[in-house]
Amino acid sequence: MRTGDLKLVQELNRSIILNVIRDKGPISRSEIAKHYGISATTVASAIQELIRDGYVCEVGEGASNGGRKPIMLKLASDRLYLIGVSVSNSSIDIAQMDLEAKISRKQSKPIRALYGDELIAAIISELEVFLENCPSTGKCLGISIIVPGVIDKDLGIVYFNSKLRLEQINLKAIVESRFNIKTWLENDLNATVLAQKKFGPYGKVQNLIYVSISEGVGAGIFFHDILLRGGNGGAGELGHIIVDRNGIRCECGSSGCLENYISWPAVYSRIIASATRGRKTAIMDLAEGDIARVTPEMFNQAVKMQDRLAIDLTDEISGYLGLGLVNLINLFNPEILILGGQIGANNPRLLDNVEKYVSSYALPILRDLKICPSTLGEEANLLAAASIILEDIFHFSLAN
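Let me sum up the structure you'll find in this document. (Residues numbered from 1 in each chain as written. Predicted model: local features only at pLDDT ≥ 70, side-chain atom pairs only at ≥ 80, totals over all residues. Heavy atoms only, no water.)

Attention now goes to the environment of Arg-68. For Arg-68, the position within the fold is in the loop between β2 (56-61) and β3 (71-75). C-alpha separation for the pair Arg-68 and Thr-42, spaced 26 residues apart in sequence, amounts to 20 Å. (Helix = DSSP H or I, 4+ residues; strand = E, 2+ residues; numbered from the N terminus.)

This part covers the packing of aromatic side chains. For any two aromatic rings, the description comes down to two numbers: the centre-to-centre distance and the angle of the planes. All chains considered together, the criterion is met by 5 aromatic pairs. With 6.0 Å between their ring centres and 70° between their planes, Phe-223 and Phe-332 make a pair best called edge-to-face. Residue Phe-223 is found in strand β13 (residues 217-223), and its partner Phe-332 is found in helix α11 (residues 308-332); the two are separated by 109 residues along the sequence. Judged by its relative accessible area of 32%, Phe-223 falls in the partly exposed class. (Phe/Tyr/Trp six-rings, centres within 6.5 Å; stacked < 30°, edge-to-face > 60°. Buried < 20%, exposed > 50% of the residue type's maximum accessible area, 1.4 Å probe, protein only.)

Before going further, it helps to examine the pairing of strand β4 (residues 81-87). Along any regular strand, the residues point their side chains to alternate faces of the sheet. For β4, the buried fraction is high: 7 of the 7 residues fall into the buried class. Across 5 bridges, β4 lies against strand β7 (residues 140-147) in parallel orientation. Pairing of Ile-83 across the sheet is with Ile-143, part of β7. Relative to strand β5 (residues 91-97), β4 runs antiparallel, the two being bridged by 6 bridges. Looking at the pairing, Ile-83 lines up with Gln-96 of β5. (Pairing = 2+ DSSP bridges.)

On to the pattern of salt bridges, then. All chains considered together, the criterion is met by 17 salt bridges. Where Lys-163 meets Glu-251, a salt bridge forms, and the shortest distance between an N and an O atom there is 3.7 Å. Taken together, the residues span a long stretch of sequence, with Lys-163 in the loop between β9 (157-161) and β10 (166-169) and Glu-251 in the loop between β14 (226-227) and α7 (259-262) at a distance of 88 residues. Judged by relative accessible area, Glu-251 falls into the exposed class, the value being 52%. A salt bridge links Glu-186 to Arg-229; the nearest nitrogen and oxygen atoms lie 2.7 Å apart. Note that Glu-186 is positioned in strand β11 (residues 183-187) and Arg-229 in the loop between β14 and α7, a separation of 43 residues in sequence. (Salt bridge = Lys/Arg side-chain N within 4 Å of Asp/Glu carboxyl O.)

This part is about the nonpolar core. Judged by nonpolar contacts, the single largest core of 51 residues is most densely connected at Ile-17, Ile-32 and Tyr-55. Per-element accounting of this core gives the leading share, 11 residues, to helix α14 (residues 380-395). One finds Leu-258, Tyr-261, Ile-317 and Val-358 within the second-largest nonpolar core, a separate group that totals 41 residues. (Core = buried A, V, L, I, M, F, W, Y, C linked by side-chain atoms within 4.5 Å.)

What follows concerns the packing of helix α4 (residues 116-131) against helix α5 (residues 171-179). Axis separation between α4 and α5 bottoms out at 11 Å; the angle between their running directions is 35°. As α4 packs across α5, the resulting crossing turns out to be right-handed. Of α5, the residues touching α4 (which contributes Ile-120, Ile-124, Leu-127, Glu-128 and Leu-131) are Leu-171, Ile-174, Val-175, Arg-178 and Phe-179. (Axes fitted to C-alpha atoms, helices over the stretch in contact; angles between N-to-C directions. Left-handed = near helix turned anticlockwise from the far one by under 90°. Contact = heavy atoms within 4.5 Å.)

Let us look at the sheet that holds strand β8 (residues 150-152). Two orientations exist for strands paired in a sheet by backbone hydrogen bonds: parallel and antiparallel. Taken in spatial order, the 3 strands make up an open sheet running β8-β9-β10, and their pairing is antiparallel. Among the strands making up the open sheet, the edge pair consists of β8 and β10. Neighbour-to-neighbour, the strand axes of this sheet turn through a mean angle of 15°, independent of strand direction.

With that settled, the discussion passes to the side chain of Ser-318. Relative to the helices and strands, Ser-318 is located in helix α11. Ignoring any residue separated from it by four or fewer positions in sequence, one finds Ser-318 in contact with Leu-350, Asn-353 and Val-354.

Below is the structure:
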């Protein structure tokens, strides 16, 4: 922590002023100084820099209180842009976004059977193609990449991801060296729980947990308004808590990990097994008889159609998921727990089952919480990527 540092104070004031303009604009310089306890000189100096750097613009005159009409300021959201990159176990999604995380352009590449160095090469290749059609990189705030796994945000290293076979990859340095653009790297669920706070209705919730049930299983955790990353960036690896010591062997090297019972690959394998045995299910009707076309969306749709197989599978995974969530609730006592991901975000029966499990097995004093589905929609992963850069800009340092 830097103390007694004039430059740090200036950076913090500038960040506070920028955030005020984002939240309250159009707003005048005098209103900022009066209502937020910052000297008029400091406000004027910071505004001059923010206009120069393209973050803020003047938008005409406001109402007069008896003197000269004030010049109003607002966020110049479309003058600068950022690049958000979401790497999952199945795709690389890239988007160009403005300062309010609105997407102007995006592309997606499936990455089935791409691992390790080949995956890193694919990320670089996709970025090369995407950046060719972007405005001048001088207007680019940076590239934000989110990846599942154990991530060191500060060093920009992917320490470990068993499914993507990534280990000790300095992805931040690789991208910055290739494109000469400042780059951020973060765990995907840490980024997503941050996005839930910034873009969802949970801004004032201090104890918030986001759980994703998708290709893998994990959690992003806010505890007393602090994002928990852990010593090596591995906090929130919910999918690797052990629910059966003698259970299914996991890619991480252990056995009986939760994600081997509730993730989409686990659910999909059960659907295949049932279809192979000839069990009738609406899931296969939705896929027009082609097991290779079955998606999580079809599974969730079949649940809503009261399909017996889909309901049985939902009830089965609910027990395992409930066990994992009770452990989280007893450890962290969240106010809100959000279910998201391909399986978790759009399955009301799963949500209902989990609420019943928690009400039965969590410590009684800790059961007074809300369990909610994610509200960020189909672009949640890209909003998550954007939130990493925007958090840095609006709440911390703007220094290069």
